[in-house]
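Okay, here's what each chain looks like letter by letter:
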Amino acid sequence: MNTSPASLTAADLDAADPLASLRGRFLVPAPDPAHPLTAYLDGNSLGRPLAATAERLATFVRTEWGAGLIRSWDEKWMDEPTVLGDRLGEVVLGAAPGQVLVGDSTSVLLYKALRAALDHQQAADPARCEIVIDAGNFPTDRFIVEGIAAERGATLRWITPDPDAGVTSEDLEPVLSASTAVVLLSHVAYRSGYLADAAAITGRVKQAGALMVWDLCHSVGAVPLQLDDWGVDLAVGCTYKYLNGGPGSPALAYVRSELQSRLRQPIWGWMGAADPFGMTEAYEPAGNIRRFITGTPPILAMQPLQDMVGLIAEAGMDAVRAKSVALTEHAIRLADERLAPLGARLASPREADARGSHITVDHDRFAEVTARLWELGVIPDFRPPNGLRIGLSPLSTSFAELEAGIDAIATALAEME
Ligand SMILES: *Cc1c(COP(=O)(O)O)cnc(C)c1O
């Protein structure tokens, strides 16, 4: 067999894919003329449901909710945010038990994590009043730190990385100092797909006496993580992207054990208190990760994600990453071959080690092209000003689907000329 990558077709790659059979676990939608589906290249915005999830939800309504009623809080639900958190820690985060929680949106957990980190730093040393973030970070990350800076009188130190790549250790040197309180970066950049060197950056930030907060939205479930080994302080991530938790499924937060008793998150509520049902007069935070909870946890919305965590455990994170790399490599090959001749430009790293599970290609007509593609059931994402983002969800995307998608992009682009 000729294994030179250039000669491999999508059919060869699908035939050789050890995870190919797992695609069959995802829900196959009934044909719907209003929503044709040829190639889904947006699993990094909203992952596809697993067929088992439809069953799980129906059973949940009938049994835990319908039959157990309020008793299910005592029997199961109170612990669900941390039981599920521990499972995520084991399967996808590289985190020992007791450090991960599921609940709230990513934006709200980012706020809690950053405020807790900043307040802790300032209490220890009022001179540590700066938050470091990059200008290429996702809007919510930038808005949350701007809000916190306004609220607490902190100063923002901006990094402006190469938009086709992302933040490197070298980019941090000019902004780290004895005034740095906390650094917030995305592990995988939402636009370029650049995969930051989390171990090196975390080490450098901590050496400077600052706390490191990672946004894992575009890496969790697609890129192996070792939060404990990397010495990460806090992290927040989405569960509706590569963890297929469904629209608006709650986010995850990681808080390193040693920090937990020293950090106070700013939204005090009864469910994060040491004794929620003691109906106490004053707020006393729980002594563990539960202090990051505020109100009643979104139990119903936590159900679907359990199926994907199970599937990833079955496949193994290393195999998931190998498939992800093979998909993005093939995507780049096809983009070079079929889109570059039409004037499109790769806006993502070419080295697999520096890339998450999506690529972005720029062209001035891509806003119109994306609208046309959606009508045809070819679903990439558009990211301003001119980027078409091709998300490759390792367990649900086939090489043939990717190739059909890129062919449709090429055809639509050619028709615009
Ligand atoms: C998707 C995404 C979010 C989403 O935040 P929500 O509060 O869930 O809407 C935040 N940060 C990054 C980097 C993302 O990619």
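Up top you'll find the structure we're talking about.
My aim in this report is to walk through the structure given alongside it, one point at a time. Values in this document were obtained by computation on a predicted structure and should not be read as measured data.

Observations regarding the overall build of the protein
Secondary structure summary: the protein contains 14 helices and 13 strands in total. Radius of gyration (C-alpha) of the protein: 22 Å, near the 22 Å computed for a compact globule of 417 residues. Projected onto the principal axes, the alpha-carbon positions of the protein cover approximately 65 × 60 × 40 Å. For the protein, the residues scored as buried account for 55% of the 417 residues in total. The long-range fraction of contacts in the protein, counting pairs at least 24 apart against all pairs at least 6 apart in sequence, stands at 72%. Working note: accessible area of the protein is about 16900 Å², and carbon and sulfur atoms make up 57% of it.

Examining the layout of surface pockets
To find the voids left in a structure, one rolls a probe of water-molecule size over its atoms. The computed volume of the largest pocket comes to approximately 570 Å³. For the largest pocket, the lining is made up of 23 residues, of which Pro-29, His-35, Leu-37, Tyr-40 and Ile-379 are closest to its centre. Each residue belonging to the lining of the largest pocket can be placed in one class, and the counts come to 14 nonpolar, six polar and three charged. Counted as a void, the second largest pocket has a volume near 300 Å³. If you go around the second largest pocket, you meet 21 residues; those closest to its centre are Asp-134, Gly-136, Asn-137, Pro-161 and Pro-163. Taken together, the residues that form the lining of the second largest pocket break down as 11 nonpolar, six polar and four charged.

Focus on the nonpolar core
Leu-88, Val-92, Leu-93, Leu-172, Trp-214, Ile-312 and Leu-395 are the most contacted members of the largest nonpolar core, which totals 88 residues. Per-element tally for this core: the top contributor is helix α5 (residues 106-124), with eight residues. Residue contacts for Val-92: discarding those within four places in its chain leaves Val-220, Gly-221, Leu-225, Leu-243, Ile-312 and Met-317. Core analysis: the second largest hydrophobic core is formed by 30 residues, Leu-334, Val-369, Leu-373 and Leu-392 among them.

Calculation rules
- Residues numbered from 1 in each chain as written.
- Predicted model: local features only at pLDDT ≥ 70, side-chain atom pairs only at ≥ 80, totals over all residues.
- Heavy atoms only, no water.
- Helix = DSSP H or I, 4+ residues; strand = E, 2+ residues; numbered from the N terminus.
- Rg over C-alpha atoms; globule rule 2.2 N^0.38 Å.
- Buried < 20%, exposed > 50% of the residue type's maximum accessible area, 1.4 Å probe, protein only.
- Contact = heavy atoms within 4.5 Å.
- Areas by Shrake-Rupley, 256 points an atom, 1.4 Å probe, with all protein chains shown as cover.
- 1 Å grid on protein atoms, 1.4 Å probe; cavity = no way out; pocket = protein on both sides within 12 Å on 5 of 7 lines; lining within 4 Å.
- Points joined across faces, edges and corners; volume = space filled by probe spheres on them.
- Nonpolar A, V, L, I, M, F, W, Y, C, P; charged D, E, K, R; others polar.
- Core = buried A, V, L, I, M, F, W, Y, C linked by side-chain atoms within 4.5 Å.

Everything listed here is a matter of coordinates, which is why it stays silent on function.
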